[in-house]
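Report on the structure
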Amino acid sequence: MRPSTSGARIADVIASVILMVAGFLCFAVLAFMSLFLVMMSDGCFGDRCNTGLMSVGWLIALGVPPVVFLAAAVWTIIRLVHRKISWWVAAVGAASGVAIWFAGVGIMNASLGR
């Protein structure tokens, strides 16, 4: 679906750029926070924790959200170049990345064996 007026086109470009910049800042914060997730292993004593599952959760939380954000940013730019409505791609990419980050943290939490 194409924007019907130039005002809608300008609003779509502005919203897309704002969402991509906000997404970049959000994922920078999430990447920084992911570095501290390794401290969850401090609660592991003996064989009580599943370290393999904890490693998988940490890698998901650290690596997947930036990849999702980068893919959403590239797809948003491609849609902008082709003059298609694109703000929703950046919004869905940001929401997906945050949800995946929380899923990785949840996997790490599940590995603690509490």
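Before any of the text, the structure's been laid out above.
About the cut-offs
Residues numbered from 1 in each chain as written. Predicted model: local features only at pLDDT ≥ 70, side-chain atom pairs only at ≥ 80, totals over all residues. Heavy atoms only, no water. Helix = DSSP H or I, 4+ residues; strand = E, 2+ residues; numbered from the N terminus. Buried < 20%, exposed > 50% of the residue type's maximum accessible area, 1.4 Å probe, protein only. 1 Å grid on protein atoms, 1.4 Å probe; cavity = no way out; pocket = protein on both sides within 12 Å on 5 of 7 lines; lining within 4 Å. Points joined across faces, edges and corners; volume = space filled by probe spheres on them. Nonpolar A, V, L, I, M, F, W, Y, C, P; charged D, E, K, R; others polar.

Now for the environment of Val81. Within the secondary structure, Val81 is located in helix 2 (residues 51–81). Since its relative accessible area comes to 62%, Val81 is described here as exposed. Between the C-alpha atom of Val81 and that of Ala15, which follows or precedes it by 66 residues, the distance is 15 Å.

A full pass over the atoms with the stated rule returns 1 cavity of 30 Å³ or more. Estimates place the volume of the largest cavity at around 40 Å³. Leu19, Met20, Gly23, Phe69, Ala72, Ala73, Ala90, Gly93 and Ala94 are the residues that line the largest cavity. Of all the elements in the fold, those that place two or more residues in the lining of the largest cavity are helix 1 (6–35), helix 2 and helix 3 (87–110). In the lining of the largest cavity, the residues fall into 7 nonpolar, 2 polar and no charged.

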